[in-house]
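Each chain, letter by letter, is given below.
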Amino acid sequence: MKKNLIYPLLIVIASSSYGVLSTIVKVAMQHGFTTGEAVSSQYIIGFMLVATIFIVTQRQLPKLSKKGLLILVCAGIFTGTTGIIYGESLKYLPASLAVVMLFQFTWIGLLIDCALHKRLPSRTEVLSIIVLFAGTILAAGVLNVDLSGIPIQGWLLGLAAAFTFACFIQFNSRPVEGITTTSRVLIVSFVALIIISIFLNPEVLWNGKLFAGGLWKFGLALGFFGIIMPIYLFSIAVPKVGGALASILSAMELPVAVTVSVIVLHEPLTSLQIAGIILVIIGMMLPTILSQRRQKGKSLDPISK
């Protein structure tokens, strides 16, 4: 595999791991746990896993500049707030529409990246976003949802969740000198745990539900797929590809979420949803494919040599 394809692939894997989370939470709810308890267990167990890896491999945090520490703290804040706000949006929005609102992070992330780098979106990026948007609507099955009567809070919370997730990707695109990936993930997950503990259900630690009640099983799965895999891989790959492309590639979360829910929860899958999944994958791959073609064309052009 060519080296310049490895980092986009890591982002696809990281975003795919996020796609598993909604199904795990639904299974946890079937076992009597609330959404807040499941999400809390994700960040508690996730931090424990990262801390264990850190103790075994490093044991000492490096000295960071104020700028580097600020980047990591902000990444942790937006990691935690995304989970909280998205959970709140589900109180007002149907699940399918909540997914569509969350996936507005693709164009929001692109606009943020363009603003930070003082540039206009490329035609490839615009085309990719259009295809992704169309595919998201079809894949989420939102065409069958009655949008009348949805309160303004739902729309605002959905957009807020998309904004915070786009900010998380942007802060992860910033390299921090003098820090290992494990140390970076440890700090990010610790800050996210603090944010979650303030707003959700930290009492699962002492009320017996987390360990004696069996919640730890779901926390282990959620912590691995929601903390270890994505934050590690995002920390490695996003600085290499940039926030704009990372936002586009992260759209892989939706096809995985739909597919896993069909396999595990036996939810229905329509032909429109299948078409939407295909569109999402096409839109996600467009920037990388076109970039590869441009590079190949330059290498074959005798004038450019």
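Counting restarts for each chain, with residues numbered from 1 along the sequence as it is written. Given that this is a predicted model, residues contribute local features only at a pLDDT of at least 70 and side-chain atom pairs are listed and counted only at 80 or more, while totals for whole chains, interfaces and linings are drawn from all residues. Only hydrogens and water are set aside when side-chain values are computed; all heavy atoms of the structure are taken into account.

Looking at an unreviewed UniProt entry, the protein carries the name EamA family transporter, with the source organism given as Lysinibacillus xylanilyticus. What the UniProt record of the protein gives under Sequence similarities (unreviewed entry) is the line "Belongs to the EamA transporter family." Listed under Subcellular location (unreviewed entry) in UniProt, the entry text for the protein is "Endomembrane system". UniProt positions are given in the numbering used here, feature names are shortened, and annotations may be inferred rather than shown by experiment.

A.B. asks: Mind showing me how you'd approach the UniProt feature "domain: EamA" (unreviewed entry) in the protein here?
C.D. replies: In this structure's numbering, the residues bearing the UniProt feature "domain: EamA" (unreviewed entry) are residues 8–139 and 154–286. Along residues 154–286, the helical share is 76% and the strand share 0%, with 31 Å between the first and last C-alpha atoms. Put simply, DSSP H or I for four residues or longer makes a helix, DSSP E for two residues or longer makes a strand, and each gets a number counted from the N terminus.

A.B. asks: I tried to follow the environment of M101 on my own but got confused; where do I start?
C.D. replies: Mapped onto the fold, M101 is located in helix α4 (residues 95–102). When the C-alpha atoms of M101 and I53 are compared, they prove to be 35 Å apart, with 48 residues separating the residues in sequence. Setting aside residues no more than four positions away along its own chain, M101 makes contact with L93, W155, G158, L159 and A162. Note on contacts: a residue pair qualifies if any of its non-hydrogen atoms lie within 4.5 Å across the two residues.

A.B. asks: Looking at this structure, I do not really get the pattern of salt bridges. What am I missing?
C.D. replies: Salt bridge, as applied in this entry: a Lys or Arg side-chain nitrogen positioned within 4 Å of an Asp or Glu carboxyl oxygen. Tallying each qualifying case throughout the model produces four salt bridges. Note that E37 and K209 form a salt bridge whose closest N and O atoms lie 2.7 Å from each other. Of the two residues, E37 sits in helix α2 (residues 35–57) while K209 sits in the loop between α8 (181–199) and α9 (215–241), which places them 172 residues apart along the sequence. For every residue, the accessible area (1.4 Å probe, protein chains only) is compared with the maximum for its type, and the residue is labelled buried under 20%, exposed over 50%, or partly exposed between those bounds. Judged by its relative accessible area of 7%, E37 is buried. On the basis of relative accessible area, K209 is assigned to the partly exposed category, the value being 30%. Note that E125 is salt-bridged to R119, the shortest N-O span being 3.1 Å. Residues joined in a network through salt bridges with shared partners are D113, R119 and E125.

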